[in-house]
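Reading the structure
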Amino acid sequence: MIKDTKNPPIDRIDGRMKVTGGAKYFADFELPNMAYCVLVGSEIAKGTITSLDTKRATGAPGVMGVFTHQNMPPIPGFDAPVGGEADGLAPKPKTEETYRILSSPKILFDGQPIAIVVADSFERATYAASLIKATYNKQTARTDLQKHVAEGIAPRGAEGGNYSRGKADAYQTAPVTLEANYTIPVEVHNPMELHGILAHWTGANTLMIYAKTQGVNATQNAMAQAFKIDPKNIHVHTEFMGGGFGMGLRTWPQETAVVAIARKIGRPLKLVMNRSQMFTLVGHRPYTVQTINLGADTDGKLIGIAHAATAETASYEDFTEATVNMTKFMYACPNVSTRYRIVRLDRSVPIWMRGPGEATGAFALESAMDEMAHKLNLDPIEFRLRNYTETDPEHNRPYSSKHLKEAYQRGAEAIGWNNRKPQPGSQRDGEWLVGYGMSTGVFNAFRWEASARALLKADGTLTVQSAVTDIGPGTGTALTVIAHNVLGVPVDGIKVEYGDTSLPKAPSQGGSAIVSAVGSAVYDACTAIKQTLIELASKDGGPMAGRQADELTLADGVLSVTTEPGKKVTVSELMRTNNLTVIDKTKDSKGSPELEKYSMYSFSVHFVQVRVNPLTGVVRVAKAVSVADSGRIISPKTAASQMIGGVTGGIGMALTEEAVIDHRFGRYVNNNLADYHVAVHADVPAIETIFIDKPDPIINPMGAKGMGEIALIGFAGAVANAVFNATGQRVRDLPITPDKVM
Ligand code: MOS
């Protein structure tokens, strides 16, 4: 375990590169002889292509090929992964329908690629794509979940089925009851960087890929399966990524298609999708409806909770997420039941997005908790404290660590919770109504398997390597701090290399799991180096002969006896006298079975003050305080930035983000950044972040739990609860647009 000292708040190691253009994203790579491709999407959401005129496109200047279902080169492993199965995170059960890109005239969703045009420039490919004309036999598309909720099926995946403890209907007979319905619209990740791939067959069976992926090893495996070649012959590079938010957690069919076409035409091939294609081809947060039932006694003790959620998925793949899971373990309640259903619609398949299902579920549960607190005439924090649990009631086991009470208290102090008036609509500032709200968030703290390599050179510098990609949270920076803490090498003497399959294997960056997973491997590799140094120093004839490891301190390239600072040897001297130029250690790290005795979660509490204009219905988040109980904070600066980023996403989720479908056509009407509103600078106040910063004694040697997802999970509920406090309007359908507040 790392000493309980503050970690250094170092600057982001890749910050300068990112702001000076030195960081190369996949689309920045240029290869000799490279060609460009552009996707042509279906104009209908369901039916069959009856004719496809590609003649003009084929004859257009610079065009090297037009690929449709009539001439698409075969993808050898098409029965295996068009994505998902190989991403290492969760299997996606198949449905009766299958979607295999450009393999049939059948249309399963709006925007489905019907052609891929290849040309010698992006502009020429774009022009040629505009010349393709299709006719369709159109069928009625089912795209409106609200109309088809009754068709929900229990998914076969991990989140399928029902959960229940105690009496499932106990809430019905409780003295105080509440039933409420919630809607989460379709939301789209919309990172700044556009999605795509650059594929280069460097030999008959060897492949180089520059991709926009959250996991280079996952992409490597997916392509190995698709093309039936050894993963060792596939090199994937993604050092930088301009935002992922979950969309890069699988390999998408159009990426596989580009690789197949690149092989066929014998040139490196680049695909950069446009913004509207990113609404249909790289996943989205699924439209979800939820019902919460709460029953409590008049003292505010929960007697029963029921949580039912129904979400959309595609006709051709069952996407599931952990929407109802938080309800199972968050509160001390003897009678809890949850039910999760999916409805197969004529839509493209969803994927995890920002705090995924947990964010959807937390909005419902934490809104209901606020509503119930109001019914009970209790402060919302007091109501949560009356139902606080120190152990996990779902699995009957302890939490690895939980400091949520302290988080409630510190957040309440920071926002000025005492200023909240329980009576809704009773606080004004000029023409603005003022309200306060809070919500809890929670997400699994994982310990996935990962490996890392560390190389200490005789000059005292250290290189750390892992295949993991850094999609933005500051992974490289956190790994630097971990290495610094173990070996005492100054941070500017540490180089972290990541985002490439030539480096030791790592899981995809997602699930808030990377500091825990890859950080542990870095910790272990650096610890192995430290042990080697101590062995060299303490062996017979060594400068510290007879000393034990725990008597020694390693800092700034000097190994010394802790109690006798004068007794020391430099690392370079030690290596030189042993004829070593480098100490090179690779470690594979995973959690011990001991971890299974615990429930491991990170917790957050979000507090907001909103101002609502009663004339226009405009809601402004005026203040936000987010508190994280995510174990030891490794990199305080980047962790705070990540928290701010999550809250910014939370403001969008709460107030503006909604991909609107015109169900007559099964198509989006706002598939661009002008009409799909992400939170922008003017929407975001100064956000205060607070870390409890107490090490988790179980999860890993750093004591760090994850903190990416909890930055957003719960936030929208805090805003909705504050809007209620400000106005008396309970908005249960996101986003909270002015029309719903008026
Ligand atoms: Mo995150 S939704 O695990 O990229």
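These notes cover the structure that comes with them. (Residues numbered from 1 in each chain as written. Predicted model: local features only at pLDDT ≥ 70, side-chain atom pairs only at ≥ 80, totals over all residues.)

Some thoughts on unusual backbone geometry
In this model, L734 is joined to P735 through a cis peptide bond whose omega is -5°. Mapped onto the elements of the fold, P735 is located in the loop between α16 (715-727) and α17 (738-741). Although it is not a glycine, N33 sits at a positive phi angle of roughly 70°. Structurally, N33 is set in the loop between α1 (15-20) and β1 (35-41). Taking the number of C-beta atoms within 10 Å as the measure of exposure, N33 has 9 and is therefore exposed. Positive phi is not limited to glycine here, since N579 has a value of about 55°. Tracing the sequence through the fold places N579 in the loop between α14 (571-577) and β26 (582-589). (Helix = DSSP H or I, 4+ residues; strand = E, 2+ residues; numbered from the N terminus. Buried ≥ 20, exposed ≤ 12 C-beta atoms within 10 Å, placed from the backbone.)

Some remarks on the environment of D144
Within the element layout of this structure, D144 appears in the loop between β6 (133-138) and α4 (145-148). When the 16 C-beta atoms within 10 Å are taken as the criterion, D144 is described as partly exposed. Sequence separation between D144 and R664 is 520 residues, and the spatial gap between their C-alpha atoms is 9.6 Å.

Brief notes about the pairing of strand β12 (residues 269-272)
When β1 meets β12, the two strands line up parallel, connected through 3 bridges. Note on β12: the bridge partner recorded for A35 is L269. (Pairing = 2+ DSSP bridges.)

What about the sheet that holds β1?
Across the sheet, which stays open at both edges, the 7 strands sit in the order β3-β5-β1-β12-β9-β10-β11 with mixed pairing between neighbours. With partners counted over all chains shown, the strands left at the sheet margins are β3 (63-67) and β11 (234-237), one partner each. This sheet shows a mean twist of 20° between the axes of neighbouring strands, independent of strand direction. Where helix α5 (residues 216-227) meets the sheet, its contacts fall on β10 (206-211) and β11, and the angle it forms with β11 comes to roughly 145°. (Axes fitted to C-alpha atoms, helices over the stretch in contact; angles between N-to-C directions. Contact = placed C-beta atoms within 7 Å.)

So, the nonpolar core
The tendency in soluble globular proteins is for nonpolar side chains to be buried side by side. One finds C37, V117, A483, V522, V719 and V723 to be the most contacted residues of the largest nonpolar core, which totals 229 residues. A per-element tally of this core places helix α13 (residues 514-538) first, with 14 residues. When neighbours within four sequence positions are excluded, V117 is seen to be in contact with C37, V38, V40, A57, V63, V66, A125, A128 and A129. (Core = buried A, V, L, I, M, F, W, Y, C linked by C-beta atoms within 7 Å.)

Details of the packing of helix α15 (residues 636-655) against α16
The interhelical angle for the contact between α15 and α16, taken along N-to-C directions, is 50°, at an axis separation of 8 Å. It follows that α15 is oblique to α16 by the angle criterion. Relative to α16, the crossing made by α15 is right-handed. Residues V647, G650, M653, A654 and L655 of α15 form the contact with α16, whose own contacting residues are F715, A716, V719 and A720. Its residues placed into classes, the contact of α15 with α16 shows 8 nonpolar, 1 polar and no charged. (Parallel < 35°, antiparallel > 145°, perpendicular 65-115°, else oblique. Left-handed = near helix turned anticlockwise from the far one by under 90°. Nonpolar A, V, L, I, M, F, W, Y, C, P; charged D, E, K, R; others polar.)

Some thoughts on the sheet that holds strand β8 (residues 176-184)
Taking strand neighbours across the sheet as the criterion, the 5 strands line up as β7-β15-β14-β13-β8 in an open arrangement whose pairing is mixed. Two strands lie at the open edges of the sheet, namely β7 (162-165) and β8, each paired on one side alone. The average undirected angle you get between the axes of adjacent strands in this sheet is 10°. Strand direction decides the pairing type here: strand β14 (residues 302-314) and strand β15 (residues 335-345), joined by 11 bridges, are parallel. Counterpart to A311 in the pairing with β15 is I342. Contacting β8, β13 (288-296) and β14, helix α9 (residues 356-375) crosses the sheet at an angle of about 145° to β8.

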